[in-house]
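Architecture and fold: a report
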Amino acid sequence: MTRLITEWISDMEQTAADWDESLRRRAGLGYKELAARVSGCGMEALSQAADAYKVAVVPVTSGLGTIDTFSESVAAIVRAMGFEAFVTEATDVNGIYEACRRGADILYMADDDRYIALNLRNGKVGDNDIATARGYAEVLFQMAGSLKGEDAAVLGYGIIGPLMAQALMEKGAQVWIYDKDPAKRELAEADGCRWIETPEELSKFRFIGDATSEGAWIHKGMLHPEVRMAAPGIPFSMDEEMQRQLDGQYIHDLLEIGTAVMLGLAI
């Protein structure tokens, strides 16, 4: 899980609803619909859960410690989906205790290694890595209309990349992998993917999932002019010129999609 920077997410309370609308314009569905679709729980069940479940976000101080506004940002996204959510005043185990005493049904927690939503009623866990990969794969599918028989490139084969590739293959895509580490080729091919030799080949692909974590390395001329990109990687790979040129053709956020889908998976 990429460690976020406070400045990136400081205004989430104000922007969560706007981002929901932006996702709806570009991919035809908002957070709630995306969570329902990826998790398989359906809109009716998710709406019923919004009336029945209380969500707590518990700050965790282990490792490098809490990120300012992270917990508040998570709560803002959950509230944008229609759920009651609060941030505990206490942290760590004491925060879990507080959440339970205040009647929380679902706990959001993150340390340096893992970010989860834990459902205390049914024991289900929404893991951010899985939620992010499957959420963005669904977004790319929605932007494409269909991926059956289509070539789709996944950039980066670390943690999110393989999960996203698997999700895209389940949707019928032939997945190609680009990673600057050639040692990843054997693993990618063992997983049923094909290998992209050089970044110059990316311009052939109309559908791309970007799971790299190296900012602004994609620049003018590197992508197909009609590309559709779902990009969970942080920081974002496109430089500012490419972002302006391809405005409306990509989806990239810092926290929202993964957090929303986690809720669906936990329910």
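Description of the structure in this document. (Residues numbered from 1 in each chain as written. Predicted model: local features only at pLDDT ≥ 70, side-chain atom pairs only at ≥ 80, totals over all residues. Heavy atoms only, no water.)

Description of the pairing of strand 7 (residues 174–178)
Applicable threshold: In this description, strands pair whenever DSSP reports at least two bridges between them. Starting at the N terminus, helices and strands are each numbered in turn, a helix being any DSSP run of H or I of at least four residues and a strand any DSSP run of E of at least two. Crossovers are marked right-handed if the path from the first strand over the helix to the second runs clockwise, as seen with the strands pointing away from the viewer.
Bridge analysis of strand 6 (residues 151–155) against strand 7 gives five bridges, and the strand direction is parallel. Looking at strand 7, one finds that leucine 155 is bridged to tyrosine 178. Chirality of the crossover, the property in question, places the unit of strand 6, helix 8 (residues 160–170) and strand 7 among those that are right-handed. As judged from the two bridges shared by strand 7 and strand 8 (residues 194–195), these two strands associate in the parallel manner. By the bridge assignment for strand 8, isoleucine 177 is matched with tryptophan 195. Between the parallel pair strand 7 and strand 8, the chain is carried across by helix 9 (residues 184–190), and the sense of this crossover is right-handed.

Some details on the packing of helix 3 (residues 31–39) against helix 7 (residues 128–144)
Where we set the bar: Helix axes are fitted to C-alpha atoms over the stretch in contact, other axes to C-alpha atoms as well, and angles between N-to-C directions run from 0 to 180 degrees. Comment on the angle field: the value is read as roughly parallel under 35 degrees, roughly antiparallel over 145, roughly perpendicular from 65 to 115, and oblique elsewhere. Should any heavy atoms of two residues lie within 4.5 Å, those residues are counted as being in contact. Here the nonpolar group is Ala, Val, Leu, Ile, Met, Phe, Trp, Tyr, Cys and Pro; Asp, Glu, Lys and Arg are the charged ones; every other residue, Gly included, is treated as polar.
Relative to each other, helix 3 and helix 7 sit at 105°, their axes nearing to 10 Å. Taken together, the axis directions place helix 3 and helix 7 in an arrangement best described as roughly perpendicular. Within the contact between the two elements, helix 3 uses Leu34, Arg37 and Val38 and helix 7 uses Arg134, Gly135, Glu138, Val139 and Gln142. Looking at the contact of helix 3 with helix 7, its residues break down into three nonpolar, two polar and three charged.

A closer look at the nonpolar core
The condition that has to hold: Nine residue types can take part in a nonpolar core, namely buried Ala, Val, Leu, Ile, Met, Phe, Trp, Tyr and Cys, and a core is a set of them joined through side-chain atoms within 4.5 Å. For every residue, the accessible area obtained with a 1.4 Å probe (protein chains only) is divided by the maximum for its type, and the residue is called buried under 20%, exposed over 50%, and partly exposed between those limits.
Ranked by size, the top nonpolar core spans 62 residues in total, and within it Leu23, Phe83, Tyr108, Val139, Leu168, Ile177 and Leu263 carry the most contacts. With 19 residues, the next largest nonpolar core counts Trp217, Ile218, Met222 and Phe236 among its residues.

Let's talk about the sheet that holds strand 5 (residues 125–127)
The strand order 2-1-3-4-5 describes an open sheet built from five strands, whose pairing is mixed. Single-partner strands in this sheet number two, and they are strand 2 (84–87) and strand 5. In this sheet, adjacent strand axes meet at a mean angle of 20° when their direction is disregarded. Bridge count for strand 4 (residues 115–119) against strand 5 is three bridges, and the pairing is antiparallel. If you follow alanine 117 over to strand 5, its bridge partner there is glycine 126. Against the sheet, helix 7 engages strand 4 and strand 5, with an angle of about 65° to strand 5. Seen against the sheet, helix 11 (residues 256–266) touches strand 1 (54–58), strand 3 (106–110), strand 4 and strand 5 and runs at an angle of roughly 30° to strand 4.

A few points about the packing of helix 7 against helix 11
Taken N-terminus to C-terminus, the directions of helix 7 and helix 11 make an angle of 105°; their axes are 8 Å apart at the nearest point. When the axes of helix 7 and helix 11 are compared, the pair comes out roughly perpendicular. Along its contact with helix 7, which presents Asn128, Ile130, Ala131, Thr132, Gly135, Tyr136 and Val139, the element helix 11 presents Ile257, Gly258, Thr259, Val261, Met262 and Leu265. Taken together, the residues of the contact of helix 7 with helix 11 sort by class into eight nonpolar, five polar and no charged.

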